[in-house]
Amino acid sequence: MQSVTSWALGQGLIEAHPLVRVPQDQLFNEEVDRKQPCLSLEEMRRFWRVALEMNNQTAKVAAWLMLTGVRREAAHSAKWDEIDVRAREWTVPAERMKGRVGKKREHLVPLSGQAVEFLMSLPSRKYSPFLFPGMDRDRPITITNNDQSDRVFRKAGIEGATLHSLRRSIATAMGDELGIPMDVTSAILAHSPRTRHGVTTEYDKAKRLDERREALERRADLLTGESGEGTARAGN
């Protein structure tokens, strides 16, 4: 029963696990996720290849998360009208971002060439307003527990990791492998502004956009082993 249900969830054939009744706010506990493993570059590349090979929605969400660095709750409910393919930008609405009520803000994600290429592989907006529709094409796939992503990790030979482990791994690789400054990485991950000596350090969105774009391009090149510079910018 468990394996069949998990498979159906991953395919988007059902919207929620009938055996799970965990409050939503406990499913996305980043304090707990910090204890999870950080994937090596080789593991991330292996997971990337497996995610592309698997023909299910959870694997596609995982691939999108790896290219953009967003949290899974923002990734799985992405909509076509949030994406400007020609400008290579995705605007995540404030209501889907983490934060206190009234303090949330929209997040602009520069899209690498590989991210645009990935978008071209998805069903068009004529099929669904969502990038990753569930059984009902007018609603996004619902990822309610780690069982759905476990299948992808197991096939890649990785134990004990979740989708949030990918975000931690992205941040680590940007620093260790690419030497990208921490404040640029924090902006990519949409972390809350830090307070130093009583002064809140906000990043300038316009100033950081080019830096974030370059960082995500380099990150995608590192992940895929290919340059995304030549990817076409035509719309979907």
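Everything numeric in this text was worked out from a predicted model, so none of it was measured.

Once that is clear, we can look at the pairing of strand β2 (residues 89–92). As defined by bridge partners, strand β1 (residues 83–84) adjoins β2 across two bridges and the pair is classed as antiparallel. Note on β2: the bridge partner recorded for D84 is E89. With four bridges connecting them, β2 and strand β3 (residues 107–110) associate as antiparallel partners. Paired with T91 across the bridge in β3 is L108.

This prediction gives the protein chain a mean pLDDT of 78; 71% of its residues lie at or above 70. No element of the protein chain has a lower mean pLDDT than helix α2 (residues 24–27), which averages 32, and none a higher one than β1, which averages 96. Low pLDDT (under 50) marks residues 9–33, which in the prediction has 57 contacts with non-local residues, meaning those over four places away or in another chain.

Attention now goes to the packing of aromatic side chains. Within the structure shown, the criterion is met by four aromatic pairs. An angle of 35° between the planes, with centres 4.4 Å apart, marks the rings of F47 and F153 as tilted. Note that F47 is positioned in helix α4 (residues 41–53) and F153 in helix α8 (residues 147–155), a separation of 106 residues in sequence. With a relative accessible area of 1%, F153 lands in the buried category. Relative to F118, the ring of W64 lies with its centre 6.0 Å away and its plane at 20°, an arrangement referred to as stacked. Of this pair, W64 sits in helix α5 (residues 57–68) while F118 is found in helix α7 (residues 113–120), placing the two residues 54 residues apart along the sequence. Take W64: its relative accessible area is 0%, and that puts it in the buried class. With a relative accessible area of 8%, F118 lands in the buried category. Put simply, the rings of W64, W90, F118 and F132 touch in pairs and so form one group of aromatic residues.

Spatially, the three strands line up as an open sheet ordered β1-β2-β3, and their pairing is antiparallel. Two strands in the sheet have a free side with no partner beyond their single neighbour: β1 and β3.

Here we take up the nonpolar core. Among the nonpolar cores identified, the biggest contains 57 residues, and F47, W64, W90, L111, L119, L131 and L166 are the most heavily contacted of them. The biggest single contributor to this core is α5, with eight residues.

Okay, the pattern of salt bridges next. Summed over the entire model, instances satisfying the criterion amount to four salt bridges. Salt-bridge contacts for R46 lead to E42; the nearest nitrogen and oxygen are separated by 2.5 Å. Taken as a pair, R46 and E42 lie in helix α4 at a separation of four residues, close to a single helical turn. In this structure R46 comes out as partly exposed when scored by relative accessible area, which is 22%.

Calculation rules
Residues numbered from 1 in each chain as written. Predicted model: local features only at pLDDT ≥ 70, side-chain atom pairs only at ≥ 80, totals over all residues. Heavy atoms only, no water. Pairing = 2+ DSSP bridges. Helix = DSSP H or I, 4+ residues; strand = E, 2+ residues; numbered from the N terminus. pLDDT = per-residue confidence, 0-100. Contact = heavy atoms within 4.5 Å. Phe/Tyr/Trp six-rings, centres within 6.5 Å; stacked < 30°, edge-to-face > 60°. Buried < 20%, exposed > 50% of the residue type's maximum accessible area, 1.4 Å probe, protein only. Core = buried A, V, L, I, M, F, W, Y, C linked by side-chain atoms within 4.5 Å. Salt bridge = Lys/Arg side-chain N within 4 Å of Asp/Glu carboxyl O.

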